[in-house]
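An overview of the molecular structure
Here are the chains, one letter per residue:
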Amino acid sequence: MVFLWHTFQMKIDKYVFRDLKTEKDKEALREFLRHQTNAEFGGYRIFDGTRTHLMHNPEELSDLIFFLKSYEKKKRKKIRNFLEVGYSSGKLNTILNKFFNFDHIVGIDDFTADMSSTDLLANLRRKNLTLICGKSDKKENLKIIKQFQPYDLIFVDGGHEYKDVKKDLDNYSRMLSDNGILIVHDIHRIRHGMNSDVRTILLIRSLYVENIFLFVV
Ligand SMILES: C[S@@+](CC[C@H](N)C(=O)[O-])C[C@H]1O[C@@H](n2cnc3c(N)ncnc32)[C@H](O)[C@@H]1O
């Protein structure tokens with residue numbers, strides 16, 4: 001029994017999600033993420049049509065997690081309630097949940113994009129999740145999402161057209177808790193139709209990490 005516990009401890013110690021304190025931990029996470037990511041995003045995988053890859057740049061995502069962890073410490077605030085607009089198959093959601101072990105997660109997606117149904121099913125499990133299927137600006141959906149506010153962390157990554165992002169920002173930034181953080185993904189890419197109007201709004205109070213903007217409200 002003692003031996004088994006010892007073995008278990010060793011495995012946990014090597015687990016990349018265990019903690020994230022040092023630069024070495026961060027590099028271990030980066031490397032882990034590279035294995036989940038396609039080459040176009042800076043990872044080791046080739047696109048194979050299964051859509052099981054992580055849709056994030058490994059450097060950017062590890063920086064973000066590192067930042068959020070230190071933010072929790074600095075503000076003495078546990079990130080408990082998480083809202084993800086654009087859940088997709090939930091890969092990012094699961095990764096963030098490993099680090100923050102959220103009390104409650106709300107996700108919304110209209111499921112119009114291609115994704116892996118196997119990943120989707122796997123990423124519904126072992127978390128306290130309310131998942132809404134539908135458009136993020138629909139009145140009925142907003143009403144449901146509002147019931148669970150305020151959110152400590154909101155990730156806006158649904159429709160990427162200017163009008164969609166603007167609506168999501170208007171609707172969801174109101175649902176943040178004190179010192180809550182709102183993240184908008186893919187905001188600076190011209191191909192997503194972002195124009196200077198959205199970028200100006202965002203830049204006013206943002207901390208820029210590659211193509212992720214963080215609002216600290
Ligand atoms: C870039 S993916 C999200 C990726 C996910 N956040 C992640 O990091 O793994 C964008 C998702 O938004 C969804 N979507 C697009 N327009 C939407 C809308 N108006 N309302 C809700 N979901 C939408 C798509 O179906 C797609 O799954």
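These numbers were taken from a predicted model, which means no experiment stands behind them. (Residues numbered from 1 in each chain as written. Predicted model: local features only at pLDDT ≥ 70, side-chain atom pairs only at ≥ 80, totals over all residues.)

**A closer look at the pairing of strand β1 (residues 81-85)**
Operational definition: Using C-beta atoms placed from the backbone, we call a residue buried if 20 or more other C-beta atoms fall within 10 Å of its own, exposed if 12 or fewer do, and partly exposed for counts in between. The numbering of helices and of strands both runs from the N terminus, where a helix is a DSSP run of H or I of at least 4 residues and a strand a run of E of at least 2. Two strands are said to pair when DSSP picks up at least two bridges between them.
Most of β1 sits out of view: five of its five residues are buried. Residues Asn 81, Leu 83 and Val 85 line one face of β1 and the alternating positions Phe 82 and Glu 84 line the opposite face, and both faces are buried. As defined by bridge partners, β1 adjoins strand β2 (residues 104-109) across five bridges and the pair is classed as parallel. Within β2, the position partnered with Glu 84 by the bridge is Gly 107. Two elements, β1 and strand β4 (residues 151-156), share four bridges in a ladder whose sense is parallel.

**Structural notes on the site of the ligand**
Threshold: Contact assignment follows one rule, namely that a residue is near a molecule or strand if its backbone-placed C-beta atom lies within 6 Å of it. Each residue is assigned to one class: nonpolar for Ala, Val, Leu, Ile, Met, Phe, Trp, Tyr, Cys and Pro, charged for Asp, Glu, Lys and Arg, and polar for all the others, Gly among them.
Taken together, 19 residues are adjacent to the ligand, and Gly 86, Ser 88, Leu 92, Ala 113 and Gly 159 come closest. Among the elements of the structure, α4 (91-100) and β2 are those that each provide at least two residues to the shell around the ligand. Looking at the shell around the ligand residue by residue, the classes come out as six nonpolar, six polar and seven charged.

**So, the environment of Ala 113**
Position of Ala 113 among the secondary structure elements: in the loop between β2 and α5 (117-122). The exposure class assigned to Ala 113 is partly exposed, which follows from the 13 C-beta atoms found within 10 Å. It is 7.6 Å that separates the C-alpha atoms of Ala 113 and Ser 88, two residues lying 25 residues apart in sequence.

**Comments concerning the environment of Leu 92**
Put simply, the rule reads: Note that contacts rest on C-beta atoms placed from the backbone: two residues are in contact if these are within 7 Å.
Summarising the element assignment, Leu 92 is placed in helix α4. Remark: the alpha-carbon pair of Leu 92 and Leu 54, spanning 38 residues in sequence, is separated by 7.1 Å. With near-sequence residues (within four places) excluded, Leu 92 lies in contact with Leu 54 and His 56.

**A short note on the packing of helix α2 (residues 23-34) against helix α3 (residues 58-75)**
This is how the line gets drawn: For helices, the fitted line uses only the C-alpha atoms of the stretch in contact; every axis is such a line through C-alpha atoms, and the angle between N-to-C directions lies from 0 to 180 degrees. Orientation categories follow fixed angle ranges, with anything under 35 degrees roughly parallel, anything over 145 roughly antiparallel, 65 to 115 roughly perpendicular, and all other angles oblique. Crossings are assigned a handedness: left-handed for a near helix turned anticlockwise from the far helix by less than a right angle, right-handed for a clockwise turn.
The N-to-C vectors of α2 and α3 enclose an angle of 135°; their axes lie 9 Å apart at closest approach. In terms of orientation, α2 and α3 fall into the oblique class. The two elements α2 and α3 cross, and the hand of that crossing is right-handed. Between α2, through Lys 26, Leu 29, Arg 30, Leu 33 and Arg 34, and α3, the contact on the second element is made entirely by Pro 58, Glu 59, Leu 61, Ser 62, Ile 65 and Phe 66.

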